[in-house]
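Architecture at a glance
Spelled out from the first residue to the last, the chains are:
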There are 2 protein chains.
Amino acid sequence: MKNRLEEFRSQRGWTQQELADQVEVSRQTIISLENGRYNPSILLAFRLARLFQMPIEDLFLYSPEEENHE
Amino acid sequence: MKNRLEEFRSQRGWTQQELADQVEVSRQTIISLENGRYNPSILLAFRLARLFQMPIEDLFLYSPEEENHE
DNA sequence: ATAATATGTACAGTTTACTTTACATGGGAG
DNA sequence: CTCCCATGTAAAGTAAACTGTACATATTAT
C-alpha cells in the first residue's frame, strides 16, 4: 500500500528517528513503511494519522486492485 | 480497540459468515474482531470500511489511553 | 582527514493477525 | 424432540508486523 509518510515527515523537517520516537516505534519500522516493505498495523496507522492530524485514508492510500492474492 | 462491526453487520441483516465472505477472511477472524480478541490488519480495516461505506475511524474507535504499554 | 548525522540494508528473533479444524451451545422450525 | 443455523471457544500452524543489532554510504561540519 502506498503512503505519504516521507512527504509529510520531511515537510515538517523531521528525521526518521524523530518520527519513530513520536509514535513509539523503531527507526527500522519507519524506514520499512516509507520504503513500502510492509504495511503498518492499524494501531500505528492511527498514531501516525493523529500525529499528522489527518484521516488514515489521507496518509495511507488503499487501492483494492493492489490486493490480488488469488 | 473498540469497534462497531457487530452493530453495522446486524443492521444489514448479515451473518458473520456472510460478512467474512465479502471481505475474504475466515468466520473466525470476524468473531475475533467483534469480540475484541485482536485488531484488524490495516488492509482488512480498509476492506471493511469500504464495504460499510464509511471511514475507518467510524468503524474502529481508537483511543490513545488504551495504549499504555510502558 | 575525520567526526557526526541521516538514510539504508540484512538478518535473527518475538508478537500478533489470520487460517483451519473440531467441537460446544442456544434458538427457532418442522 | 430433533434438525438446522448462528454464534462461540480452543488449539496448532503460518504469515506479516515490529524489534534490536550490526554494518554500509553519502553529506556536512570541524
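What counts, and at which threshold
Residues numbered from 1 in each chain as written. Chains lettered and ligands numbered in written order. Predicted model: local features only at pLDDT ≥ 70, side-chain atom pairs only at ≥ 80, totals over all residues. Heavy atoms only, no water. UniProt positions renumbered as here; feature names shortened; annotations may be inferred. Helix = DSSP H or I, 4+ residues; strand = E, 2+ residues; numbered from the N terminus. Near = heavy atom within 4 Å. Polar contact = N/O pair within 3.5 Å; in protein donor to acceptor, adjacent residues only side chain to side chain. Least-squares fit on C-alpha atoms with pLDDT ≥ 70 in both. Contact = heavy atoms within 4.5 Å. Salt bridge = Lys/Arg side-chain N within 4 Å of Asp/Glu carboxyl O. Buried < 20%, exposed > 50% of the residue type's maximum accessible area, 1.4 Å probe, protein only.

In the nomenclature of an unreviewed UniProt entry, chain A corresponds to Cro/Cl family transcriptional regulator from the organism Levilinea saccharolytica.

**A few points about the UniProt feature "domain: HTH cro/C1-type" (unreviewed entry) in chain A**
According to UniProt, the positions carrying the feature "domain: HTH cro/C1-type" (unreviewed entry) are residues 5-59 of chain A. Taken end to end, residues 5-59 of chain A has its terminal C-alpha atoms 7 Å apart, with 67% of it in helix and 0% in strand.

**What to know about the protein's contact with DNA strand C**
Residues in close proximity to DNA strand C total 17 residues, the closest being A:Gln16, A:Arg37, B:Thr29, B:Tyr38 and B:Ser41. Within 4 Å of the protein, the atoms of DNA strand C are drawn from sugar and phosphate moieties in a proportion of 62%. A:Gln28 is positioned with one of its side-chain polar atoms (N or O) 2.8 Å from a base oxygen of DNA strand C. Only α3 (27-34) of chain A together with α3 (27-34) of chain B provide two or more residues apiece to the surface near DNA strand C.

**Some remarks on the relation of the copies chain A and chain B**
Note on the identical chains: chain A maps onto chain B by a rotation of 180 degrees and an axial translation of 0.0 Å, with an RMSD of 0.0 Å. Put plainly, the chains are arranged around a two-fold axis. Looking at the rotation axis and the C-alpha trace of chain A, the residue lying nearest is A:Ile42, at 2.4 Å. Mapped onto chain B, 100% of the interface residues of chain A are again interface residues, and the two copies thus contact each other with one and the same surface.

**Structural notes on the pattern of salt bridges**
Any two side chains of opposite charge can pair if their charged atoms end up close together. This model, assessed by the stated rule, comprises 6 salt bridges over all chains. For the salt bridge of A:Glu67 with B:Arg47, the shortest nitrogen-to-oxygen distance reads 3.2 Å. Linking A:Glu67 in the segment after β2 (60-61) with B:Arg47 in helix α4 (residues 42-52), this pair reaches from one chain into another. With respect to burial, A:Glu67 and B:Arg47 carry one shared label: buried. The shortest N-O distance in the salt bridge between B:Arg9 and B:Glu34 comes to 2.5 Å. Residue B:Arg9 is located in helix α1 (residues 5-11), and its partner B:Glu34 is located in helix α3; the two are separated by 25 residues in the primary sequence.

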